[in-house]
Amino acid sequence: VQLQASGGGLVQAGGSLRLSCGASGRTFSGNGMGWFRQAPGKEREFVAAITGSGSRTGYADSVKGRFTISRDNAKNTVYLQMNSLKPEDMAVYYCAAAKSPLYYIAAQGYAYWGQGTLVTVSS
């Protein structure tokens, strides 16, 4: 079972990126999914999450109104649209899958993790 995060890169402050998280080895269409990030020297932190059906989402206060999480269960893919990026958004972004249809804010709620994709925001 593998989760593959992609879409990171270098962007200027105020710009946008869309991250994708695909899965291989099994389907996660019914599982809660989350995005986390870790900046150098900092703890991994919750960014956004979505239920298995996609009906409910949750966001960290720091990204509310700027980031949008969505999913396409037919493609077994979860997305994170990031707009109005700030230098403080610079981090390695990880996607994660829970074993249940619910989403979790705590990293411990997730059983499967991707390898991360780097987002660099220049000021």
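Please refer to the structure placed before this passage.
Residues numbered from 1 in each chain as written. Predicted model: local features only at pLDDT ≥ 70, side-chain atom pairs only at ≥ 80, totals over all residues. Heavy atoms only, no water.

Caption draft 1: Representation of the packing of aromatic side chains. Here the structure, examined in full by the defined rule, presents 6 aromatic pairs. An angle of 65° between the planes, with centres 5.3 Å apart, marks the rings of Phe-28 and Tyr-112 as edge-to-face. Here Phe-28 is found in the loop between β3 (17-24) and β4 (33-38), whereas its partner Tyr-112 is found in strand β10 (residues 110-113), with 84 residues between them in sequence. Aromatic side chains Phe-36 and Tyr-110 sit 5.4 Å apart centroid to centroid with 80° between the ring planes, which places their arrangement in the edge-to-face category. Placement of Phe-36 in strand β4 and of Tyr-110 in strand β10 is noted, with a sequence separation of 74 residues between them. (Phe/Tyr/Trp six-rings, centres within 6.5 Å; stacked < 30°, edge-to-face > 60°. Helix = DSSP H or I, 4+ residues; strand = E, 2+ residues; numbered from the N terminus.)

Caption draft 2: Local environment of the side chain of Arg-66. Within the secondary structure layout, Arg-66 lies in the loop between β6 (57-59) and β7 (67-72). Polar side-chain contacts of Arg-66 include one of 2.9 Å to the backbone oxygen of Ser-84. A polar side-chain atom of Arg-66 sits 2.7 Å from a polar atom in the side chain of Asp-89. With near-sequence residues (within four places) excluded, Arg-66 lies in contact with Gln-81, Met-82, Asn-83, Ser-84, Leu-85, Lys-86 and Asp-89. (Polar contact = N/O pair within 3.5 Å; in protein donor to acceptor, adjacent residues only side chain to side chain. Contact = heavy atoms within 4.5 Å.)

Caption draft 3: Structural context of unusual backbone geometry. The residue Asn-76 is not glycine, and still its phi comes out positive at about 55°. Take Asn-76: it is sitting in the loop between β7 and β8 (77-82). Located in the positive-phi region is Ser-84, a residue other than glycine, with phi close to 50°. Within the secondary structure layout, Ser-84 lies in the loop between β8 and β9 (91-98). Of the residues examined, Ser-84 reaches a relative accessible area of 41% and is grouped as partly exposed. (Buried < 20%, exposed > 50% of the residue type's maximum accessible area, 1.4 Å probe, protein only.)

Caption draft 4: Representation of empty space enclosed by the protein within the structure. Scanning the model with the defined rule gives 1 cavity of 30 Å³ or more in all. Forming the boundary of the largest cavity are Cys-21, Ala-23, Phe-28, Ser-29, Met-33, Arg-71, Asp-72, Asn-73, Asn-76, Thr-77 and Val-78. Going through the elements one at a time, β3, β7 and β8 are the ones with two or more residues in the lining of the largest cavity. Grouping the constituent residues of the lining of the largest cavity by class yields 5 nonpolar, 4 polar and 2 charged. (1 Å grid on protein atoms, 1.4 Å probe; cavity = no way out; pocket = protein on both sides within 12 Å on 5 of 7 lines; lining within 4 Å. Points joined across faces, edges and corners; volume = space filled by probe spheres on them. Nonpolar A, V, L, I, M, F, W, Y, C, P; charged D, E, K, R; others polar.)

Caption draft 5: Layout of the sheet that holds β8. The 4 strands lie next to each other as β1-β3-β8-β7, forming an open sheet whose pairing is antiparallel. Because the sheet does not close on itself, it has two edges, and the strands there are β1 (2-6) and β7. The mean angle between the axes of side-by-side strands here comes to 15°, regardless of whether they run parallel or antiparallel. The pairing of β3 with β8 spans 6 bridges and is classified as antiparallel. Considered in β8, the bridge of Cys-21 is made with Val-78. (Pairing = 2+ DSSP bridges. Axes fitted to C-alpha atoms, helices over the stretch in contact; angles between N-to-C directions.)

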